[in-house]
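Examining the three-dimensional arrangement
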Amino acid sequence: MTAERYNARESEPRWQRLWDEKAIFASKNDDKRPKYYVLEMFPYPSGRIHIGHVRNYTLGDVLARFMRAKGFNVLHPMGWDAFGLPAENAAIERKVAPKAWTYDNIAAMKKQLRSIGLSLDWSREFATCDPSYYKHQQKMFLDMLRTGLAEREKRKLNWDPVDMTVLANEQVIDGRGWRSGAVVEQREMSQWVFKITKYAQELLEALDGLDRWPDKVRLMQRNWIGRSEGLLIRFALDAATTPAGETELKIFTTRPDTLFGAKFMAISADHPLAVAAAAKNPRLAEFIADIKKIGTAQSIIDTAEKQGFDTGIKAVHPFDPSWKLPVYVANFVLMEYGTGAIFGCPAHDQRDLDFVNKYGLGNVPVVCPEGQDPKTFFITDTAYDGDGRMINSRFLDGMTIDQAKEEVAKRLESELRGNAPVGERQVNFRLRDWGISRQRYWGCPIPVIHCPTCDVVPVPDDQLPVTLPEDVSFDKPGNALDHHPTWKHVTCPKCGGKAVRETDTMDTFVDSSWYFARFTDPWNETAPTTPTVANRMMPVDQYIGGVEHAILHLLYSRFFTRAMKATGHIDMTEPFAGMFTQGMVVHETYQKADGSWVTPAEVKIEVGGNGRRAVLLATGEDVEIGPIEKMSKSKKNTVDPDDIIASYGADVARWFMLSDSPPDRDVIWSDERVQGAARFVQRLWRLVNESAEIAKTAPAARPATFGPEALTLRKAAHGALDKVSSGIERLHFNVCLAHIREFANALAEVLAKGDKPAPDVAWAVKEAATILVQLFSPMMPHLAEECWVVLGREGLVSEADWPQIERDLLVEDSVTLVVQVNGKKRGDVTVPRAAQNADIEAAVLALDAVKAALGGKPVRKVIVVPMRIVNVVG
Ligand code: ANZ
Ligand code: ZN
């Protein structure tokens with residue numbers, strides 16, 4: 001019988017509607033079964049779903065559907081990370097209100113998400129720009145203010161003197177404002193910060209316990225937190241050389257062992273000593289103004305050319321009063337780290353070496369690598385930061401680096417100047433407190449009021465939320481909230497005098513630092529969470545998202561969860577028990593002769609004798625096939641999920657993306673392979689239809705025994721069931737799909753034999769077809785529902801229990817034993833598992849390799865070690 005072609009376009013929306021009507025993916029908070037929380041990073045409502053979203057959400061959906069079938073109360077929610085700059089840019093460019101733009105985009109993207117067939121609980125949906133969400137965020141901000149986890153701090157910001165506005169680091173391009181083109185200045189302003197550094201040590205240590213996180217993500221977090229053990233050293237200054245009689249300079253070093261290789265001291269442009277010296281030296285003041293122009297972004301500072309200015313100040317070596325070191329102001333020393341001052345040892349630090357090579361200060365190596373002769377070990381352009389023994393270092397000579405560090409620390413700790421020791425051990429972290437103030441309109445308002453008499457006054461709880469005004473204008477650069485004629489003018493809740501609202505809004509990373517907890521009870525109007533529910537449903541068992549969020553988003557979420565614990569909103573510290581970072585979707589690029597890019601949809605690929613060729617559909621002209629790259633608008637190498645779903649259906653898109661690469665690697669979008677997936681869908685459809693015909697002839701009761709043909713099929717079915725189940729748990733989806741294909745082949749082989757199978761075979765076909773449909777149902781849920789009907793099953797496959805594995809079908813019925821002659825391996829032999837020793841002996845002695853090894857000698861003994869070895873003694 002030939003079934004009609006499977007029609008995804010007709011079938012997919014029908015099943016989506018039915019799932020919706022029955023609300024089968026809604027999870028209930030009073031469900032007593034064990035919970036499983038699957039979450040994909042929620043999208044920014046840019047207006048369109050891109051193919052990377054499709055991959056991300058499909059990965060999570062497979063797991064969610066599988067865990068649901070396994071009997072878990074699965075929580076799989078979706079929402080919108082809805083605040084941020086693009087909405088304001090749209091307002092400026094297209095004169096649409098940020099709110100309208102955002103909610104329109106959400107509606108459009110929700111429709112697109114639905115067309116993918118995701119098993120989401122839409123009843124929990126929210127957007128972070130909903131006042132009913134950010135109201136609780138404001139409440140938590142005030143909780144954090146009360147407990148000292150939020151504070152005001154003076155910070156340097158990028159200031160655009162023409163637009164009169166603060167710029168984010170990304171808005172500073174080559175030291176200039178992105179819109180005005182003006183040279184950006186650094187300005188100190190009061191900012192709100194979250195005290196993440198209070199948890200630096202804990203956030204670091206707890207990484208060890210996150211054993212279901214990728215190692216690379218944990219390493220990135222470790223480096224970001226950046227714990228360093230080192231020594232604070234108070235260098236004496238030659239007071240005759242200092243601007244105002246300063247007597248000492250404190251530095252932080254992680255390499256006190258290299259003290260005898262010191263060639264200079266360097267201080268930050270913001271160091272008080274630099275400021276004092278600049279006041280007396282206009283050339284230094286000019287130099288400082290100059291190096292400050294490059295902005296505050298770390299990446300820029302790291303790559304900028306090393307520059308310094310000799311202040312004329314001299315420091316004294318802590319172990320030799322006659323040894324004087326010049327003090328420079330240098331652009332690579334940051335005020336925000338350590339003490340804002342260093343001693344430079346060029347032989348063992350690349351930055352220091354670049355610096356001395358530029359200013360002709362020379363270098364002396366003090367660590368000699370093992371196996372090198374200290375007399376001939378020189379450093380020229382590359383600093384040596386490896387292991388070795390101390391040289392040129394007086395009392396440290398011959399020691400290892402660690403011994404030398406310890407020796408220096410001990411000596412300087414016990415040496416006093418004034419009343420204080422010259423050296424002090426210290427642990428430093430790179431991690432800075434999290435600055436959350438943004439001078440923008442489209443964000444969560446920070447709920448405080450500034451009163452000239454009472455200073456900072458929290459907005460009283462009963463006045464929350466502080467909502468954003470909607471009648472705003474974006475005609476002027478800067479913060480529209482600040483420009484609003486009335487919004488910020490209020491009376492002080494404390495004294496009743498005239499006061500102004502804070503017009504800064506929160507960094508959007510705050511919004512995404514607790515949404516996962518809100519999903520556990522988004523209906524609670526009086527509190528951010530319902531702790532009993534949150535404590536039961538959290539942590540997220542499997543979080544899935546892009547590696548671009550490996551550092552900040554995950555670290556902020558880990559911090560925020562701790563802050564919520566400290567303020568009584570949840571009773572745990574780690575929000576994500578399992579983390580998975582998916583790869584990107586990449587595509588070939590196509591370029592016309594004039595260098596312009598064209599989209600994949602505009603070209604046709606021809607495969608001929610000379611390989612692949614691309615032609616422009618419209619004109620037939622040749623286009624060049626370029627390298628495979630991350631999909632981007634600029635290179636036009638994107639595919640639109642809507643187009644793909646319209647031409648092939650969601651199941652094909654899902655299957656393709658799961659099958660072609662391991663989920664943590666990049667997947668190359670290829671039309672040819674997508675078509676392959678589409679053919680496989682039709683093949684499965686035919687297989688199930690043919691199986692259904694045979695299933696009608698199967699006996700109702702399970703046969704007491706199965707012949708070899710039926711048994712082989714049953715083993716293929718249960719083998720696949722076993723491998724796919726464990727594969728899904730480990731997110732090895734591409735491997736699962738390969739097993740499903742293999743199993744489909746095994747079923748096809750049986751069907752190919754004719755249409756009147758024996759009852760035991762018919763029963764096995766029915767069982768196999770059912771298992772097959774269930775195995776691919778998490779990946780291709782629409783096709784699976786349609787097949788479920790064909791097989792005459794009741795209910796929805798999306799609600800069916802996962803099939804039970806019959807373990808005895810997994811046991812292989814033959815075993816392979818190693819064959820030895822006089823203890824030496826000569827080969828192996830495969831025998832039935834139930835074979836008797838006499839049969840095994842006969843089989844072994846018949847082997848050519850054994851006969852050859854014996855060389856005609858008589859056999860004295862044959863020792864059989866069951867299931868493992870046969871040793872022939874000659
Ligand atoms: C002397 C030295 C010799 C250093 C040597 C390194 C190698 P981590 O590991 O990241 O903590 N440093 C200290 N404060 C700094 C600042 N504010 N700006 C720029 N650099 C600073 O790095 C600690 C090392 O970075 C310190 O150890 C110091 O240089 C430098 F062969 O001291 B070292
Ligand atoms: Zn007041």
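Parameters at a glance
- Residues numbered from 1 in each chain as written.
- Chains lettered and ligands numbered in written order.
- Predicted model: local features only at pLDDT ≥ 70, side-chain atom pairs only at ≥ 80, totals over all residues.
- Heavy atoms only, no water.
- UniProt positions renumbered as here; feature names shortened; annotations may be inferred.
- Phe/Tyr/Trp six-rings, centres within 6.5 Å; stacked < 30°, edge-to-face > 60°.
- Helix = DSSP H or I, 4+ residues; strand = E, 2+ residues; numbered from the N terminus.
- Buried < 20%, exposed > 50% of the residue type's maximum accessible area, 1.4 Å probe, protein only.
- Lys NZ or Arg CZ within 6 Å of the ring centre and 35° of its normal.
- Salt bridge = Lys/Arg side-chain N within 4 Å of Asp/Glu carboxyl O.
- 1 Å grid on protein atoms, 1.4 Å probe; cavity = no way out; pocket = protein on both sides within 12 Å on 5 of 7 lines; lining within 4 Å.
- Points joined across faces, edges and corners; volume = space filled by probe spheres on them.
- Nonpolar A, V, L, I, M, F, W, Y, C, P; charged D, E, K, R; others polar.
- Axes fitted to C-alpha atoms, helices over the stretch in contact; angles between N-to-C directions.
- Parallel < 35°, antiparallel > 145°, perpendicular 65-115°, else oblique.
- Left-handed = near helix turned anticlockwise from the far one by under 90°.
- Contact = heavy atoms within 4.5 Å.
- Pairing = 2+ DSSP bridges.
- Near = heavy atom within 4 Å.
- Polar contact = N/O pair within 3.5 Å; in protein donor to acceptor, adjacent residues only side chain to side chain.
- Areas by Shrake-Rupley, 256 points an atom, 1.4 Å probe, with all protein chains shown as cover.
- Sits in = over half its atoms within 2 Å of the grid points.
- Donors = N, O, S within 2.8 Å, 3.2 Å for Na, K, Ca; no water.
- Tetrahedral: all angles 85-135°; square planar, octahedral: opposite > 155°, others 65-115°.
- Core = buried A, V, L, I, M, F, W, Y, C linked by side-chain atoms within 4.5 Å.

Labelled according to an unreviewed UniProt entry, the protein chain appears under the name Leucine--tRNA ligase, originating from Bradyrhizobium septentrionale. Annotation of the protein chain in UniProt includes, under Sequence similarities (unreviewed entry), the sentence "Belongs to the class-I aminoacyl-tRNA synthetase family."

**A closer look at the packing of aromatic side chains**
Counted under the stated rule, the structure contains 42 aromatic pairs. Between the aromatic rings of F126 and F519, the centroid separation amounts to 4.7 Å while the plane-to-plane angle is 35°, which identifies the pairing as tilted. Pair noted here: F126 is in the loop between α4 (98–114) and α5 (131–146) and F519 is in the loop between α15 (515–518) and α16 (531–537), with a separation of 393 residues, a long-range link. The exposure classification of F126 matches that of F519, with both residues buried. By way of ring pairs, the aromatic residues F42, F126, Y133, W514, Y515, F516, F519, Y543 and F576 are connected into one cluster. A cation over an aromatic ring shows up here: R501 above the ring of W487, its NZ or CZ 5.4 Å from the ring centre.

**Examining the pattern of salt bridges**
Within the structure shown, the criterion is met by 51 salt bridges. For the salt bridge of E248 with R234, the shortest nitrogen-to-oxygen distance reads 2.9 Å. Of the two residues, E248 sits in strand β9 (residues 248–253) while R234 sits in strand β8 (residues 227–237), which places them 14 residues apart along the sequence. Residue E248 is classed as partly exposed on the basis of its relative accessible area, which comes to 31%. When the shortest N-O distance is used, the salt bridge between R417 and E248 registers 3.3 Å. One end of the pair, R417, is in strand β16 (residues 416–417); the other, E248, is in strand β9, and 169 residues separate them in sequence. Three or more residues are tied together by salt bridges with common partners; here these are E202, R558, R562 and E574.

**A look at the layout of surface pockets**
Each pocket or cavity is described by its volume, and for the second largest pocket that value is around 700 Å³. Every residue lining the second largest pocket is counted, 27 residues in all, and those nearest its centre are T254, I342, D349, R351 and R430. Of all the elements in the fold, those that place two or more residues in the lining of the second largest pocket are β9, α10 (298–303), β13 (341–344) and α11 (350–359). No other element matches β13, which puts 4 residues into the lining of the second largest pocket. Across the lining of the second largest pocket, the residue classes tally to 11 nonpolar, 9 polar and 7 charged.

**What about the packing of helix α2 (residues 51–69) against helix α21 (residues 708–729)?**
Here α2 crosses α21 at 120°, and the two axes come no closer than 10 Å. Taken together, α2 and α21 sit at an angle that is classed as oblique. Handedness of the α2/α21 crossing: left-handed. For the pair α2 and α21, the contacting residues are V62, L63 and F66 in the first and S725, I728 and E729 in the second. A per-class count over the contact of α2 with α21 returns 4 nonpolar, 1 polar and 1 charged.

**Brief notes about the sheet that holds strand β1 (residues 35–40)**
Reading across the sheet, the 4 strands line up as β2-β1-β26-β27 and stay open at both edges, with parallel pairing between neighbours. Each edge of the sheet is formed by a strand with only one pairing partner; in this case those strands are β2 (73–75) and β27 (579–582). The mean inter-strand angle of the sheet, taken between neighbouring strand axes irrespective of direction, is 20°. Examined bridge by bridge, β1 and β2 share 3 bridges and lie parallel to one another. Looking at β2, one finds that Y36 is bridged to V74. Against the sheet, α2 makes contact with β1, β2, β26 (542–546) and β27, and its axis sits at roughly 175° relative to β1, the strand it touches most.

**Let's talk about the packing of helix α8 (residues 272–280) against helix α9 (residues 282–291)**
α9 packs onto α8 with a crossing angle of 130° between their chain directions and a minimal axis gap of 5 Å. Overall, the two elements α8 and α9 adopt an arrangement that is oblique. Here A274, A277, A278 and K280 of α8 come into contact with α9, specifically with P282, L284, A285 and I288. When grouped by side-chain class, the residues that make up the contact of α8 with α9 number 7 nonpolar, no polar and 1 charged.

**Concerning the UniProt feature "domain: Aminoacyl-tRNA synthetase class Ia" (unreviewed entry) in the protein chain**
Under the local residue numbering, the UniProt record ascribes the feature "domain: Aminoacyl-tRNA synthetase class Ia" (unreviewed entry) to residues 432–616 and 629–669. Its end C-alpha atoms 10 Å apart, residues 629–669 is made of 44% helix and 10% strand.

**Digging into the sheet that holds strand β23 (residues 489–491)**
Here we have 4 strands laid out as an open sheet, ordered β22-β21-β24-β23, and antiparallel in their pairing. Across the chains shown, the open sheet's two edge strands, defined by having one partner strand only, are β22 (455–458) and β23. Shown here is a sheet whose adjacent strand axes are inclined to one another by a mean of 40°, direction ignored. With 3 bridges joining them, β23 and strand β24 (residues 498–501) adopt antiparallel strand pairing. In the sheet register, V490 faces β24, and the bridge partner there is A499.

**Some details on the site of ligand 1**
Around ligand 1, the surrounding shell holds 18 residues, and the nearest of these are S228, T253, L334, Y337 and R430. Take T253: an N or O atom from its side chain is 2.7 Å from an oxygen atom of ligand 1. The backbone of L334 places a nitrogen or oxygen atom 2.7 Å from a nitrogen atom of ligand 1. The fraction of the free accessible surface of ligand 1 (650 Å²) that becomes covered by protein chains is 88%. Given that more than half its atoms are within 2 Å of the pocket grid, ligand 1 belongs to the second largest pocket. Of all the elements in the fold, those that place two or more residues in the shell around ligand 1 are β9 and β13. Of the residues assigned to the shell around ligand 1, the class counts are 8 nonpolar, 6 polar and 4 charged.

**Notes on the coordination of the zinc ion (ligand 2)**
Each protein donor to the zinc ion (ligand 2) is listed here as C451 (SG), C454 (SG), C492 (SG) and C495 (SG); together their distances run 2.2 to 2.4 Å. The site at the zinc ion (ligand 2) holds 4 donor atoms, and with the angles between them running 106 to 115°, its shape is tetrahedral. Linear spacing of the donor residues for the zinc ion (ligand 2) on their chain is C-x2-C-x37-C-x2-C. Note that C451 is positioned in strand β21 (residues 448–451) and C495 in the loop between β23 and β24, a separation of 44 residues in sequence. Taking the relative accessible area as the measure of exposure, C451 reaches 6% and is therefore buried.

**Thoughts on the environment of R48**
Mapping R48 onto the fold places it in the loop between β1 and α2. Residues contacting R48, with those up to four places away along its chain left out, are H53, M109, Q112, D640 and D642. Among the polar contacts made by the side chain of R48, one reaches the side chain of D640 at a distance of 3.3 Å.

**Some words on the environment of K715**
Along the polypeptide, K715 turns up in helix α21. K715 sits 91 residues away from E806 along the chain, and the two C-alpha atoms are 9.1 Å apart. With residues up to four places along the chain from it excluded, the contact list for K715 reads L809, V811 and D813.

**Focus on the nonpolar core**
In this structure, F141, F194, Y515, W669, I728, F776 and M779 are the most contacted members of the largest nonpolar core, which totals 176 residues. The greatest single-element share of this core, amounting to 12 residues, is contributed by helix α23 (residues 759–776). Once residues lying within four places of it in the same chain are set aside, the contact partners of I728 are V62, L63, F66, F733, C736, P778, M779 and W802. Listed in part, the 41 residues of the second largest apolar core include F235, L273, L325 and L412.

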